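Residue-level structure breakdown
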Amino acid sequence: MIYDPRVRGIVFQIILVALLAAGIWWIVDNTIENLRRSNITTGFAFLRGRAGFDISDRLIEYSSDSSYGRALIVGVLNTAAVAAAGIVTATILGFLVGVGRLSNNWLIRKLATAYVELFRNIPPLLVILFWYQGVLALLPSVRDSVSLPLGSYLNNRGFYLPRFVWEPGSWLIFAGFVVGLALSWYLARRARMRQMATGQQFPVLLTSIALVVGLPLLGFLAAGMPVSVDFPQKGTFNLTGGMNVKPEFLSLYLALSFYTAAFIAEIVRAGIMGVPRGQTEAYSALGLRSNLGLRLVVIPQAMRIIIPPLTSQYLNLTKNSSLAVAIGYPDLYAIGGTILNQTGQAIEVVVIFMVVYLSISILTSLLMNWFNTKMALKER
Amino acid sequence: MGERLRVDLDAMFRKWAGTVSRVRKKKSGYVPNNRKGFWVMKQLALGILSAAALGVFATAASAGTLEDVKAKGFLQCGVNTGLAGFSAPNDKGDWTGLDVDFCRAVAAAVFGDGTKVKFTGLSAKDRFTALQSGEVDILSRNTTWTVNRDTALGLNFAGVTYYDGQGFMINAKKLPGVNSALQLSGAAVCVQAGTTTELNLADYFKANKMEYNPVVFEKFEEANAAYDAGRCDAYTTDQSGLYAVRLQMSAPDDHVVLPEIISKEPLGPSVRQGDDKWFDIVKWTYYALLNTEEAGVTQANVDEMKNSDNPDIKRLLGTEAETKIGTDLGLSNDWVVNIVKATGNYGEIFERNVGTGSPLKISRGINALWTKGGLQYGMPIR
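These figures come from a predicted structure and were not determined experimentally.

The rules behind each value
- Residues numbered from 1 in each chain as written.
- Chains lettered and ligands numbered in written order.
- Predicted model: local features only at pLDDT ≥ 70, side-chain atom pairs only at ≥ 80, totals over all residues.
- Heavy atoms only, no water.
- Helix = DSSP H or I, 4+ residues; strand = E, 2+ residues; numbered from the N terminus.
- Contact = heavy atoms within 4.5 Å.
- Disulfide = S-S within 2.5 Å.
- Buried < 20%, exposed > 50% of the residue type's maximum accessible area, 1.4 Å probe, protein only.
- Domains from an automatic or database assignment.
- Axes fitted to C-alpha atoms, helices over the stretch in contact; angles between N-to-C directions.
- Parallel < 35°, antiparallel > 145°, perpendicular 65-115°, else oblique.
- Left-handed = near helix turned anticlockwise from the far one by under 90°.
- Core = buried A, V, L, I, M, F, W, Y, C linked by side-chain atoms within 4.5 Å.
- Phe/Tyr/Trp six-rings, centres within 6.5 Å; stacked < 30°, edge-to-face > 60°.
- Lys NZ or Arg CZ within 6 Å of the ring centre and 35° of its normal.

Here we look at the side chain of Asn-353 of chain B
By secondary structure assignment, the location of Asn-353 of chain B is in helix H15 (residues 346-353). Not counting chain neighbours up to four residues away, the residues in contact with Asn-353 of chain B comprise Gly-85, Thr-96, Gly-97, Leu-98, Asp-101 and Ser-358 of chain B.

The structure is reproduced here in structure tokens:
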């Protein structure tokens, strides 16, 4: 038995795992013991304590009377908000630039190349500071705000937009929107099936737009126009009323979008170039116009190459959002840092950081993996 | 693991991560089947070695802070990254300021040489972790003494080197007619993260039922730059800090400090809990600085004063026969002489860094000695 290499291997593996577990246990135990000796409070009970500080950007109700736990949730939501907005913009911009790099138009091709080379080769922190100190801080002060159409303003305190005030009865509008979306989806399905069966086409896009816009409009009229608009007004210090997108959010969002878009552009270009040339020749031979061929033949195949590295870029963008700390955007890392400093509970806060970033990243991964399986080559 | 270990989490983690990744790498590598036994043995040996290394590491730093400092040969002092008058590098790259001079005084007490000190610039956010983890031996970084920091954070404050209070500064050119903090409703206020300032700000606006918009930066410099660029209407920190920040603005004369003081900010040096000997040394260095000012012992006349017949001064300077004050503290008997030679007394430190002899020109005010109507009161050295 002792000379059986397989058994011996297993035994040694078990010993190793046991040693590793003992080592980790020893470190954790030692840490707790030492914290106790240094008279530093431990445990997560501090999360229920009163935070005492204010946060300017928040998506949920929060005041200095709220708990540390709630402050952390505000931070998580801010991180999620900037990451989600950044991912959407970076994807759109990245696809445009990536296709632009393959364009037949010399100017577009060169512009796209210049964009990629510029943003890909600058560290993200510099891009953020460029937007914050180089662009948004140079905007005029509140008193000389730039007036934009529709009652919005731009100044060095950010972007001020009119805000819709939803009064009772406005649920009809949302209901109309949801019904419109559902009907469009059903319509698109039916139209595709009919085209498969009979070859007849149906103007899906136009009908969908009519449904998605028209139904909420009907709801709006039926409920007696229950929406008013709150325009920004000039106050003593700032513009009051309306909605304020702060320069911290704007610069972080723009920087992350522009930076990540450069990488996405390269991924898209690689994906499209990865589709064999024969496919392009084949759809031309079938008589498809080039934009239709691109949409029906090239892009679906390119997507299979694009999605896996795209997921990595999304994760990078989310993690890069912690650079917000340099410009004072209250993301998870900034708020967590403040809490760490107020309570002194470094280990607990760092554990929370790790758990939250890990959860957000794993969630993104799972979504993208699901999308990938949907797009993957289906053998029929 | 019986004795007291120093918590150096950062280094601990690095060590731990190193161990784990080394083991993992081995595990996933391709190994031919017939050599598996050998491979496992090697892996095991590696694991034991790393564990042993960890054990040695973890038990290394067990002596008291004074012994550690003496063994190192210098004092590691945590200071602000750049607050004029308190701690900032000058044009020659030397650290200057009231907080810096306090560390020099402690170094002089320990080594008889005020230059045996190294400075670590810390942000408000990093400062406590740096002290707790043993990265610095003393934190002298315009830090407010609060009960939370004294208890939950495991610190001990050795005294108050500067009695301060929080105030506001505005750009009077951009905001004419604002002459009170109570007129700041709706303002955007620049503030540094993780400070008592941030908490007082929230409390003050809440108590006065005013709205405001906090713009929170991790670093002092970032907050200053944002205020100077007009991102905020007002800037808030301790009043001494406001005067220092004003000097750094592009047009210092445009900025005014509003009269309201909204909090008590006793700033002082702190050390880790659980090392009373080290705590005593730092605490009595502070009192020595005050007592020498009270007795009229200065950097210039200290050698002359050693010949004084006044029993108070003799005791203070350790020239009394059979004196044990210095050795009881774990220092030499001429520790006070060394302190005064290195930095001067408290009054001299104050005047040089923040007082009338400095660009800040702050009057002694409540920081005067108790004999002159101030709050600085040195416990008797006897």
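Overview of the state of the cysteines
Residue and element names in this part refer to chain B. Counted according to the given criterion, the structure contains two disulfides over all chains. Cys-77 shares a disulfide with Cys-103; S-S distance 1.9 Å. Its S-S torsion of approximately 60° makes the covalent link between Cys-77 and Cys-103 right-handed. Of this pair, Cys-77 sits in strand S1 (residues 75-80) while Cys-103 sits in helix H4 (residues 98-111), placing them 26 residues apart in sequence. Taken as a pair, Cys-77 and Cys-103 share a single burial class, namely buried. The partner cysteine of Cys-190 in its disulfide is Cys-232, sulfur to sulfur 1.9 Å. Residues Cys-190 and Cys-232 are joined through a disulfide that is right-handed, its torsion about the S-S bond being 70°. Of this pair, Cys-190 sits in strand S9 (residues 187-192) while Cys-232 sits in the loop between helix H8 (220-228) and strand S11 (234-238), and the two are 42 residues apart along the sequence. For chain B, numbering the cysteines in disulfides from first to last along the sequence yields the connectivity 1-2, 3-4.

Observations concerning the domain arrangement of chain A
What the domain assignment lists for chain A is domain 1 (5-39) and domain 2 (68-138 + 248-375). The distance between the C-alpha centroids of domain 1 of chain A and domain 2 of chain A comes to 39 Å.

Considerations on the packing of helix H10 (residues 332-343) of chain A against helix H11 (residues 346-375) of chain A
Residue and element names in this part refer to chain A. The contact between H10 and H11 brings their axes to 9 Å, and the two run at 165°. The angle between H10 and H11 falls in the class roughly antiparallel. Here H10 runs over H11; the crossing is right-handed. Judged by residue contacts, Leu-332, Tyr-333, Gly-336, Gly-337, Ile-339 and Leu-340 of H10 engage Ala-346, Val-349, Phe-353, Val-356 and Tyr-357 from H11.

Regarding the environment of Tyr-314 of chain A
Tracing the backbone shows Tyr-314 of chain A in helix H9 (residues 290-320). Sequence separation between Tyr-314 of chain A and Ala-90 of chain A is 224 residues, and the spatial gap between their C-alpha atoms is 9.0 Å.

Quick notes on the nonpolar core
One finds Leu-75, Ile-138, Trp-278 and Trp-335 of chain B to be the most contacted residues of the largest nonpolar core, which totals 119 residues. Per-element tally for this core: the top contributor is helix H7 (residues 247-273) of chain A, with 15 residues. Excluding anything up to four places from it in sequence, Trp-335 of chain B contacts Ala-109, Trp-284, Thr-285, Ala-288, Ile-325, Gly-326, Leu-329 and Ile-381 of chain B. Val-189, Ala-202, Phe-205 and Leu-258 of chain B belong to the second-largest nonpolar core, a separate cluster that totals 21 residues.

A closer look at the packing of aromatic side chains
Applying the stated criterion across every chain yields a total of 24 aromatic pairs over all chains. Each ring, one from Phe-130 of chain A and one from Trp-131 of chain A, has its centre 5.7 Å from the other, and the planes form 65°; the classification is edge-to-face. A relative accessible area of 45% means that Phe-130 of chain A is categorised as partly exposed. By relative accessible area, which is 15% here, Trp-131 of chain A ends up buried. Three or more aromatic residues joined by ring pairs make a cluster, and in this case those are Tyr-115, Phe-119, Phe-130, Trp-131 and Phe-258 of chain A. Above the plane of the ring of Phe-74 of chain B lies Lys-118 of chain B, whose end atom (NZ or CZ) is 4.1 Å from the centre. The residue whose ring lies beneath Lys-283 of chain B is Phe-279 of chain B, and the NZ or CZ to ring-centre distance is 4.5 Å.

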